[in-house]
Structure formats: C-alpha cells, structure tokens
Amino acid sequence: MPESYEEDIRALELFAEMEEANFDALMRGAYVQNFPPRIDLIHEEDRPDFLHVVLTGSVDLYSSWNGRESSMATVRPISTFILAATINDLPYLMSARTLERSRIMLVPSTDVRQIFSKDPAFARAIVTELAQCYRSVVKNTKDLKLRTSLERLANYILRQQTLSGSTEFDLTMEKRRLASFLGMTPENLSRAFKGLEPYGVKVSSNHISIVDPDDLARFAKPNPLIDDHTT
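Residues numbered from 1 in each chain as written. Predicted model: local features only at pLDDT ≥ 70, side-chain atom pairs only at ≥ 80, totals over all residues. Heavy atoms only, no water.

A. Just the pattern of salt bridges, in detail. According to the stated counting rule, one finds nine salt bridges in the structure shown. Between glutamate 69 and arginine 97 there is a salt bridge whose closest N-O contact spans 2.5 Å. Of this pair, glutamate 69 sits in strand 5 (residues 68–75) while arginine 97 is found in strand 7 (residues 95–98), placing the two residues 28 residues apart along the sequence. For glutamate 69, a relative accessible area of 45% translates into the label partly exposed. With a relative accessible area of 11%, arginine 97 lands in the buried category. Ionic contacts of the salt-bridge type, sharing partners, join the residues Asp60, Glu69, Arg97 and Arg177 into one network. (Salt bridge = Lys/Arg side-chain N within 4 Å of Asp/Glu carboxyl O. Helix = DSSP H or I, 4+ residues; strand = E, 2+ residues; numbered from the N terminus. Buried < 20%, exposed > 50% of the residue type's maximum accessible area, 1.4 Å probe, protein only.)

Spelled out as structure tokens, the structure:
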C-alpha cells in the first residue's frame, strides 16, 4: 500500500492512538482497490469480511425492502463504513455502492476484531465512533419523526449553507437521492422546494440560492440536538 495512504489512515481518530505494531499488523492484511461508479461493494444481510475505508470518491449507503429503496447516508473521504457490523461480526444492515470512481481500502474484519481485543486505545476509539454513529441515528430519527417534509428540507438546506459557507451552492446529490434521504418521494420534494419559495429559497436545477437566510431559519427552527452531526 502506498505510504501516503497509510499516513492519511493513521491520522483518522479511529487509528491515531493505537500502538504502532498493531497498526502495522492491520495494514499488512489490508489492500487498496479502485472501483468505477455504481458498483455494489456490500449487500445488507451479508457477513462483514472487511472494514472499508473510503480514500477517494464517495459511497452511498442504502437499504431496500419490498421493492422500495432508500438512501441512508453518503460516505466521503477519509472515513470508514460499516464499523458496527465488523466489530460484532453480524450481517450488514445496509448496502453500499460507489457514487463515482472511488478508491477503497479493505481491512480484514478478523484482523480488526483481534486488535480490538488487545489494543486499549484502538478499542476506546471504536467505542467513541460507535457512540457518535448512535447519536447520529437518533438525530436522523428525530428529524424524520418530529418534522414535516417541508421542515426537513428547510433544515437540510440550512445545513448545506453552513457547510458551503455561502447562500448559493449546488446540491451534493441528485434530487432523487435527496428525496430518498429526506424520506419523501421525488414529487413531494419538488413540491417542497416550491413551498420554500416564500421563505427566500430559489432553485435552478441543482443550484440553490437563499435570498433571506434569517427568514428561512425562522421557519425551519434548526436545533443542535437534531441538526448538529459533529457531536
């Protein structure tokens, strides 16, 4: 594996404090692979053979049931998925596919579990990451259960404004995926965009303009206990 990738991976909080010998042991069994867009990496119900680390590109985590499919999250560099299944050696609860050309590191799950049992710093980092994932799940559930579709879209736009640092930005995912992510149909998403026009939201294809962010925020009522995914 190229040394530059090892340095980037070592900098991740998950691996940063573990013993050097244990990190080297993980890397010896790992390998990097390039994937074209729209390639399935894992399938829900499968057992986790590897812990995946996204080095470049992006990955869609999604789930399917009874002919329906929903996007659950987007994984971007440099981060892992799906850690809980790897640690517990239980079936994946989500599937994953590349959204664009992506470079993924695959770390054997058996190696991860072995080092988890003997490296306290690595074990603490895993517990911390799993706790963060749990809090994110609770916040997403609150977003879906406590807000209307219009409120969910308004708060999503405000979060994207914060990330972009501008009142004008392009959506980071296609509208069909965005609708799925927000728990609505594409038709409802289109109506929701129109419903936000009185609050200063203008949409042109995938480009968003917020004329009056304060007015939008008064409607959306953003709450850090739902919208802050950094804690």
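B. Geometry of unusual backbone geometry. Cis geometry is found at the peptide bond from proline 77 to isoleucine 78, where omega equals -15°. Mapped onto the elements, isoleucine 78 comes out in the loop between strand 5 and strand 6 (79–81). Unusually for a residue other than glycine, lysine 221 sits at a positive phi of about 50°. With respect to the element layout, lysine 221 can be found in the loop between helix 10 (213–220) and helix 11 (224–227).

C. Representation of the sheet that holds strand 4 (residues 59–65) in the model. Spatial ordering of the open sheet is given by 2-7-4-5, a layout of four strands whose pairing is antiparallel. Of all strands in the sheet, those with a lone pairing partner are strand 2 (40–42) and strand 5, marking the two edges. The mean angle between the axes of side-by-side strands here comes to 35°, regardless of whether they run parallel or antiparallel. Both strand 2 and strand 7 contribute to a ladder of two bridges, which runs antiparallel. Looking at the pairing, isoleucine 42 lines up with alanine 96 of strand 7. (Pairing = 2+ DSSP bridges. Axes fitted to C-alpha atoms, helices over the stretch in contact; angles between N-to-C directions.)

D. Looking closely at the environment of phenylalanine 122. Positionally, phenylalanine 122 belongs in helix 6 (residues 120–146). Phenylalanine 122 sits 18 residues away from isoleucine 104 along the chain, and the two C-alpha atoms are 21 Å apart. Leaving out residues up to four positions away in the same chain, phenylalanine 122 has contacts with Leu14, Phe15, Met18, Leu26, Val112, Ile115 and Phe116. (Contact = heavy atoms within 4.5 Å.)

E. Fine view of the side chain of arginine 159. With respect to the helices and strands, arginine 159 occurs in helix 7 (residues 149–164). Accessibility expressed as a relative area gives 18% for arginine 159, which makes it buried.

F. Highlighting the UniProt feature "domain: Cyclic nucleotide-binding" (unreviewed entry) in the chain. UniProt's feature table lists "domain: Cyclic nucleotide-binding" (unreviewed entry) at residues 14–133, given in the numbering used throughout. Secondary structure content for residues 14–133 is 34% helix and 37% strand, while the C-alpha to C-alpha distance between its ends is 13 Å. (UniProt positions renumbered as here; feature names shortened; annotations may be inferred.)

G. Structural context of the sheet that holds strand 10 (residues 201–204). Across the sheet, which stays open at both edges, the three strands sit in the order 9-11-10 with antiparallel pairing between neighbours. The open sheet has two free edges, formed respectively by strand 9 (168–170) and strand 10, since each of these has just one partner strand. The sheet shows a mean angle of 20° between the axes of neighbouring strands, direction not considered. With four bridges connecting them, strand 10 and strand 11 (residues 207–210) associate as antiparallel partners. By the bridge assignment for strand 11, valine 201 is matched with isoleucine 210.

H. Looking closely at the domain arrangement of the chain. Split by domain assignment, the chain resolves into domain 1 (3–144) and domain 2 (148–227). On a C-alpha basis, the centres of domain 1 and domain 2 stand 28 Å from each other. Taken residue by residue, the interface counts 13 residues in domain 1 and 12 residues in domain 2. When domain 1 packs against domain 2, close to 1,100 Å² is buried across both sides, 44% of that on carbon and sulfur atoms. Sorting the residues of domain 1 by area buried against domain 2 places Ser71, Lys139 and Asp143 first, and these three jointly supply 45% of that buried surface. Connecting domain 1 to domain 2 are one salt bridge. As a salt-bridge pair, aspartate 60 and arginine 177 come within 2.9 Å of each other at their nearest N and O atoms. Of all the secondary structure elements, the ones that give two or more residues to the side of domain 1 that touches domain 2 are strand 5 and helix 6. A total of six residues in the side of domain 1 that touches domain 2 trace back to one element, the largest contributor, which is strand 5. Residues that form the side of domain 1 that touches domain 2 fall into these classes: four nonpolar, three polar and six charged. (Domains from an automatic or database assignment. Buried area = accessible area lost by both parts, 1.4 Å probe. Nonpolar A, V, L, I, M, F, W, Y, C, P; charged D, E, K, R; others polar.)

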